[in-house]
Each structure stands twice: as C-alpha cells, then as structure tokens.
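The chain contents come next:
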Amino acid sequence: MEIVSNDNILINNNSINNFKMTATPPSGTYYYGLLCSGAGSHTIENNTIQNLQNNSVPDATYNVRTFCIYNYATGVQTVKNNTIFDCGNGRTNVPTANNYLIWGIYMENSAANSTVENNRIYNLYSLSLGTGDRADFVQGILLGGSANTIVKNNMISLNNGSNSLDRIIRGINDLTTSSSQKIYNNSIYIYGNASGSNKTQCFIRFYTSSVDIKNNNFSNTRTGGSGYHLAISNAASSATGWPANASNYNNLYASNSNAIGEWWVTPSSPNKTLAQWRASTNGDMQSVSALPEFTSNTDLHVHTSYNPALSGSGITLPLVTIDIDGESRNSPPDIGVDEYDHICNTNLTSGANSGPGTMREILKCILPGDTIIYDPNGPIDTIYITGPMKIDRNV
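Here the structure is a predicted model, which means the values were calculated and not measured. (Residues numbered from 1 in each chain as written. Predicted model: local features only at pLDDT ≥ 70, side-chain atom pairs only at ≥ 80, totals over all residues. Heavy atoms only, no water.)

A.B. asks: Pulling in residues and values, what's your account of the environment of Leu230?
C.D. replies: In this structure, Leu230 sits in strand β22 (residues 229–234). Residue classification places Leu230 among the buried residues on the basis of a relative accessible area of 0%. The spatial distance from the C-alpha of Leu230 to the C-alpha of Thr200 is 6.1 Å, given a sequence separation of 30 residues. Among residues more than four places away in sequence, those in contact with Leu230 are Lys199, Thr200, Gln201, Cys202, Asn220, Ala259, Ile260, Gly261, Glu262 and Asn271. (Helix = DSSP H or I, 4+ residues; strand = E, 2+ residues; numbered from the N terminus. Buried < 20%, exposed > 50% of the residue type's maximum accessible area, 1.4 Å probe, protein only. Contact = heavy atoms within 4.5 Å.)

Encoded structure:
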C-alpha cells in the first residue's frame, strides 16, 4: 500500500497479508508493506502487516530492503497501535556484495513531535547464510533523519526466527544526527543463539542526536558468537547529546553482565558492566538490571508475580500517561510497556525445591523489606533449594 499526499491522511484498520513472490524477483528489490510520503501529517494506526517476504537477492549496486512500514513524509507523523510480525527476507544465498535488511518501522524526514507508539513488532527474519560484513540486518524501529520523535510504549521482540546465525539485530536504532529523540517505556527483547562476530543491541545511537531514555525494559538474553549482546549502546565517539542522566530509570539486562552497555566515548574499553556504564555516562543511577519474566518470547507483558524490580521503578513522565493496553500509569510507573499490579504470596507452605509456596518462588517475587511468613509448628521440617538461585533483596 502506498500513500503519497500533501494532505493529512488517516491510514487505519488495514490488513496487509501474504505479500510475497514464489518466483525470483529482480535483484536488489525493495519491498514495502505500507509506504507513506508527501508533505502531509499522516496517521498510520491499527494496521496489521504480516507474512511479507522479499525473495530478491542483493547485487553489486543494491541491498535487498524490506520495510513493513516506511514513512518518509515530511509532516508531523503518528504511527501507533500497529501489529507487525512474520515478515522478512526469504533467500538463503550468501551475498557477495551488499546485504539483506528488514525493518519493522522506518521513520525518515518526519517533522518535530512525530510519535511512534503502542506498536507490536515480532518475528522479523532474514534467512541468508551471510556472515561478518555480509550478515543480515534485523531491526525493529529505525529513526533516520526524523526530527524530535517520541518513541513510547512499543513492544519489540527479535531473534531472527528459525535462522539464528550471525545477525545484526537492533531493537531501536537512532541514526539521526541533530534531532532530539525521546525513548520512553518501551519493552525490547532480543534472544536466541548466535554465531559469528556481529553485535546485537536493544537500543543504539550512532551519531550525536540528543536522547532522553527513560523507563525502558531492555533485555538481551542472546548468547553465542564472539560479538557482544548488549542492552544499550552509544556507538558515537562523542558524548554530545548524551549528557548526565539522559538515560535513567530503565531495566538494562544482558546475559553477559560485563557487557550491559557499550560506550564508544572510551574506545579502548567500550563494553561496560552496569557500574562501569553508570560511571562512564553519569546516568542510569536509578536503573536496575534484572532478567524480566515475560508472558512469552513475543508477548512482553510481564508476569505479575516475578518482576518486582520493574514495579514502580520508573519516573513519572507527562508524555506517557497510559500503557500499551490503555491502562493508566501509576506514579511512579512500572518500567516497560506494561503497567501491572505486583502480586506475591509470601506464605512459605512447601519445602520443595520449586513450585507454589516454595522458598524459590517467594524469593523470585518478594519486594525488599517484605516478610516471609513461616509457621514453625506447621508441616514443613526441611526447605530444599537445589541448583543456582540469586538472592538480591533484603527481606
């Protein structure tokens, strides 16, 4: 679907499905699920884009590019409440030049105060066997030349589907140079097993745009390969636009705790633990680093019992008054897209290693200062805890 207009256009409630070719299209072909341009202030809302597959191959001149939503209109743009899934590049050919790329939402040239909010993006893929410089790119949201965009309450889950080799995976990629980007209350999850040397990042900034990064749940549990899998990255060699406390009140989690963040202002040692990230950036002092328990790999609502570190740990933001489900935000709000009521039954009723009422389950959900209730005259004589368990709260 293509919209070209200088008027303000509402594009809503459309289903774009099964757009693919069984025959091989020309090399270097660009595929678009929804393409918007012109000088109008467009609203792209409540659309579903699924099963979009580009079967082209790169050539010496052009990449293969697949855009689920590509908006390069120059007015104030609104992209919200869209669901994008099962889209990608279908060829396995190893490119000899250029690359395969897939984006969920690509914003370019939009005016100040454009908004990208409440979108769900998952199961994007690119299936080539390319590695190293020829590895495929899989990206949730890209800001390229968009001025002063508000990116909030988006749920992005990426692992490259069934082909999880050497991939460059980015949840939110800020490629702007002089804009001001507000990144609020997003939940981004990158997972799976990798090989090769390429990195993955939940959020990355490449240049010197001004950023305000608050209340985000950035979780990267991807493992394997020699590339680092990071929660957050400043790939610019300068701290310009990233002052003290530009990033704070987030959950920054990575499987490798020595590479929570990447700060290329110090190129000799860019990869940082959370403590080193705080010292280098003068930010994220109120942020946490906890493995979130999501409903599933693609549904990033959190289990109400198992995420105490995210509950009430954000900061109230005037631009974020509801969550992805339209529920009012508390003050202070929860981290991520989902506002929820934390529930924890602290009655110790079982001495087993795991399951309801066990010590393991209680310690997963208990808040600091809570009391574990145990009846010494009850039926539990011995409490068993087998295997690793991290206790990081005072009770």
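That was the structure; now back to the text.
A.B. asks: I'd like to hear about the layout of surface pockets, residue by residue, with values.
C.D. replies: Estimates place the volume of the second largest pocket at around 190 Å³. Considering the residues around the second largest pocket, the lining is formed by 16 residues, among which Ile168, Arg170, Asn198, Lys199 and Gln201 are closest to the centre. (1 Å grid on protein atoms, 1.4 Å probe; cavity = no way out; pocket = protein on both sides within 12 Å on 5 of 7 lines; lining within 4 Å. Points joined across faces, edges and corners; volume = space filled by probe spheres on them.)

A.B. asks: If you had to explain helix α1 (residues 274–281) to someone new, which residues and values would you point to?
C.D. replies: For α1, the full list of buried residues reads Leu274, Trp277 and Thr281. Projected down its long axis, α1 carries its buried residues within an arc of 55°, all on one side. Residues of α1 that are exposed and point over 90 degrees away from its buried face: Ala275 and Ala279. Asn282 lies just past α1 and shows a positive phi near 55°. (Arc of directions from axis to C-beta.)

A.B. asks: I'd like a description of unusual backbone geometry, backed by residues and values.
C.D. replies: In this chain, Ser331 is followed by Pro332 through a cis amide linkage whose omega measures 5°. You will see that Asn109, though not glycine, has its phi angle at about 75°, which is positive. Looking at the element boundaries, Asn109 is found in the loop between β10 (100–107) and β11 (115–117). Notably, Asn148 is not glycine yet its phi reads approximately 50°, a positive angle. Within the element layout of this structure, Asn148 appears in the loop between β13 (136–143) and β14 (150–152). Judged by its relative accessible area of 30%, Asn148 falls in the partly exposed class.

A.B. asks: Any details on the sheet that holds strand β21 (residues 217–220)? Residues and values, ideally.
C.D. replies: Strands sit in the order β3-β6-β9-β12-β15-β18-β21-β24 across an open sheet of eight strands; the sheet is parallel. Edge positions in the sheet fall to β3 (15–19) and β24 (251–254), since each of these pairs with one other strand and no more. Strand-to-strand, the axes of this sheet are offset by a mean angle of 10°, without reference to chain direction. (Pairing = 2+ DSSP bridges. Axes fitted to C-alpha atoms, helices over the stretch in contact; angles between N-to-C directions.)

A.B. asks: Explain the pattern of salt bridges to me, and be specific about the residues and the numbers.
C.D. replies: A full pass over the atoms with the stated rule returns six salt bridges. Note that Glu262 and Lys199 form a salt bridge whose closest N and O atoms lie 2.4 Å from each other. With Glu262 in strand β25 (residues 261–263) and Lys199 in the loop between β18 (187–190) and β19 (200–205), this residue pair connects regions lying 63 residues apart in the sequence. Of the residues examined, Glu262 reaches a relative accessible area of 1% and is grouped as buried. Residue Lys199 is classed as partly exposed on the basis of its relative accessible area, which comes to 25%. As a salt-bridge pair, Asp212 and Lys214 come within 2.4 Å of each other at their nearest N and O atoms. Given a relative accessible area of 22%, Asp212 falls into the partly exposed group. (Salt bridge = Lys/Arg side-chain N within 4 Å of Asp/Glu carboxyl O.)

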